[in-house]
Amino acid sequence: MIYLDYQATTPVAPEVAAAMRPWIEEKFANPHGASKWSREAAAAIEIARSQVERALGLGGGRFAFTSGATEALNWALKGTFETARRRKLVTVATEHAAVLDTAEWLEAKGVEVIRLQVGDDGLIDLDMAEAVIDDRVGMVAVMLVNNEIGVIQPIGEISRMAHQAGALMLCDAVQGFGRMPIPEGPDLVAVSGHKIHGPKGVGGLWMRSGAEPDPLLHGGGQEQGLRSGTLSPALCAGLGEAAHLAGERHEADMIHIEKLAELALATLGQGWIINGSATHRYRGNLNLRREGLDGARIISDLRNIAFSLGSACASGSGRPSHVLRAIGLTARQARSSIRLGFGRYTGEEELASACRRINEAAHDQAQLPA
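These lines cover the structure that appears in this document, whether it is placed above or below. Since this is a predicted model, take the numbers as computed values, not measurements. (Residues numbered from 1 in each chain as written. Predicted model: local features only at pLDDT ≥ 70, side-chain atom pairs only at ≥ 80, totals over all residues. Heavy atoms only, no water.)

1. Notes on the overall build of the chain
Consideration 1: Counting its regular elements, the chain contains twelve helices and 13 strands.
Consideration 2: In terms of overall size, the chain behaves like a compact globule, its C-alpha atoms giving a radius of gyration of 21 Å where 370 residues would be expected to give roughly 21 Å.
Consideration 3: Projected onto its principal axes, the C-alpha positions of the chain cover 70 × 50 × 35 Å.
Consideration 4: For the chain, buried positions account for 53% of its 370 residues.
Consideration 5: Taking all contacts inside the chain whose residues are at least 6 apart in sequence as the whole, residues at least 24 apart take part in 72%.
Consideration 6: Of the roughly 15600 Å² of accessible surface on the chain, a fraction of 52% belongs to carbon and sulfur atoms.
Consideration 7: Computing the positive centroid from 37 side-chain charges and the negative centroid from 43, the chain places the two 3 Å apart. (Helix = DSSP H or I, 4+ residues; strand = E, 2+ residues; numbered from the N terminus. Rg over C-alpha atoms; globule rule 2.2 N^0.38 Å. Buried < 20%, exposed > 50% of the residue type's maximum accessible area, 1.4 Å probe, protein only. Contact = heavy atoms within 4.5 Å. Areas by Shrake-Rupley, 256 points an atom, 1.4 Å probe, with all protein chains shown as cover. Lys, Arg positive; Asp, Glu negative; His and termini not counted. Charge placed at Lys NZ, Arg CZ, Asp CG, Glu CD.)

What follows is the structure, encoded as structure tokens:
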């Protein structure tokens, strides 16, 4: 099997598994208790917290562990608007469902939601953004790297606009954390463990001092008085080690990914079009389309290669990706798109082999009668 779905999840790093193992096996104490073993578990969580904070590289704030980025984003949005006097949210039409669905929920509660459109490159128009970020806005929510097409939004500039208007800035950094520096500016940053070779079921929210949202979960306030629930030392240690590794290996990982991207494009050759900006993007995400391609069929035909449809379906509805539609693709073009995601543990030969087989399958499809 060749795994090319790094935007969906990443393989757990061996070092991460080793860091987690003691807290799964013999060191099982509740980190919120008073015993020696509990204090040891609590100390492991604090070490992991400091590792994540160093990897984020943002000063003047603190990091709280959550069950993942979906919880972190819900917490940031709902917790902020719970008591905010300003009742307007500005976000982007290409955001992850964790933001868009929460925005829709807030809208039903009386919050005005502005969903900025993007160009065919997937980027927002900064002039358009500045025009709607006014003194009625409580929060601006924009993701750093799009999970479907990999484009990188100008988070620093958007943060500046938000702050000039007196609003908070929320950044979904799930696809960027550990892969590139987080720009200065956001007040709230959501991250996830399993996108950076860590475990599933853990992520967190970084909060600038004074920007902490109201609690979303109640029942003990174990996590800094802001989030209730018993933390898993194993999951926290795993995220911490993954963040530490991402910092240590950043340059080597980026060189490797750049080489893989060039190899994939060269092997695929003519006839493929990159969806979204070809320059303002994370290179480990190749979202491509080819005229006449049936993405669902090619995935079915190549079952020992793991990759994704560009036309990501919502709950099996068959609806084309909202991201691809937002950049102006027709339903047919969206269905002819696929996403190849690769990273630290992807080998050059396996990537080249997968791309050759994808090309062959695409050629075979083209020979079939319409």
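2. Digging into the side chain of His197
Consideration 1: Take His197: it is sitting in the loop between β7 (188-192) and β8 (203-208).
Consideration 2: Among the polar contacts listed, one links the side chain of His197 to the backbone oxygen of Pro11, at a separation of 2.8 Å. (Polar contact = N/O pair within 3.5 Å; in protein donor to acceptor, adjacent residues only side chain to side chain.)

3. Details of a negative patch on the surface
Consideration 1: Judged by side-chain charge, Asp294, Asp301, Glu360 and Asp364 come together as a negatively charged surface patch.
Consideration 2: Residue position: Asp364 is located in helix α12 (residues 348-367). (Patch = residues over 30% accessible without salt bridge, like charges linked within 9 Å, V, L, I, M, F, W, Y side chains within 5 Å. Salt bridge = Lys/Arg side-chain N within 4 Å of Asp/Glu carboxyl O.)

4. Regarding the side chain of Asn285
Consideration 1: In this structure, Asn285 sits in strand β10 (residues 285-290).
Consideration 2: Once you skip the residues sitting within four places of it in the chain, Asn285 turns out to touch Gln7, Asn146, Asn147, Glu148, Ile149, Gly150, Arg339 and Leu340.

5. Digging into the environment of Glu46
Consideration 1: Position of Glu46 relative to the elements: it lies in helix α2 (residues 36-56).
Consideration 2: Exposure remark for Glu46: the relative accessible area of 43% places this residue in the partly exposed category.
Consideration 3: Distance from Glu46 to Cys236, taken between C-alpha atoms, is 8.8 Å for residues 190 residues apart in sequence.

6. Here's the deal with empty space enclosed by the protein
Where empty space is left in the structure can be found by rolling a water-sized probe over the atoms.
Consideration 1: Counted by the stated rule, this structure contains one cavity of 30 Å³ or more.
Consideration 2: When its volume is computed, the largest cavity comes out at roughly 110 Å³.
Consideration 3: What lines the largest cavity is a set of 14 residues, and nearest its centre among them are Gly178, Arg179, His197, Asp253 and Arg344.
Consideration 4: Grouping the constituent residues of the lining of the largest cavity by class yields six nonpolar, four polar and four charged. (1 Å grid on protein atoms, 1.4 Å probe; cavity = no way out; pocket = protein on both sides within 12 Å on 5 of 7 lines; lining within 4 Å. Points joined across faces, edges and corners; volume = space filled by probe spheres on them. Nonpolar A, V, L, I, M, F, W, Y, C, P; charged D, E, K, R; others polar.)

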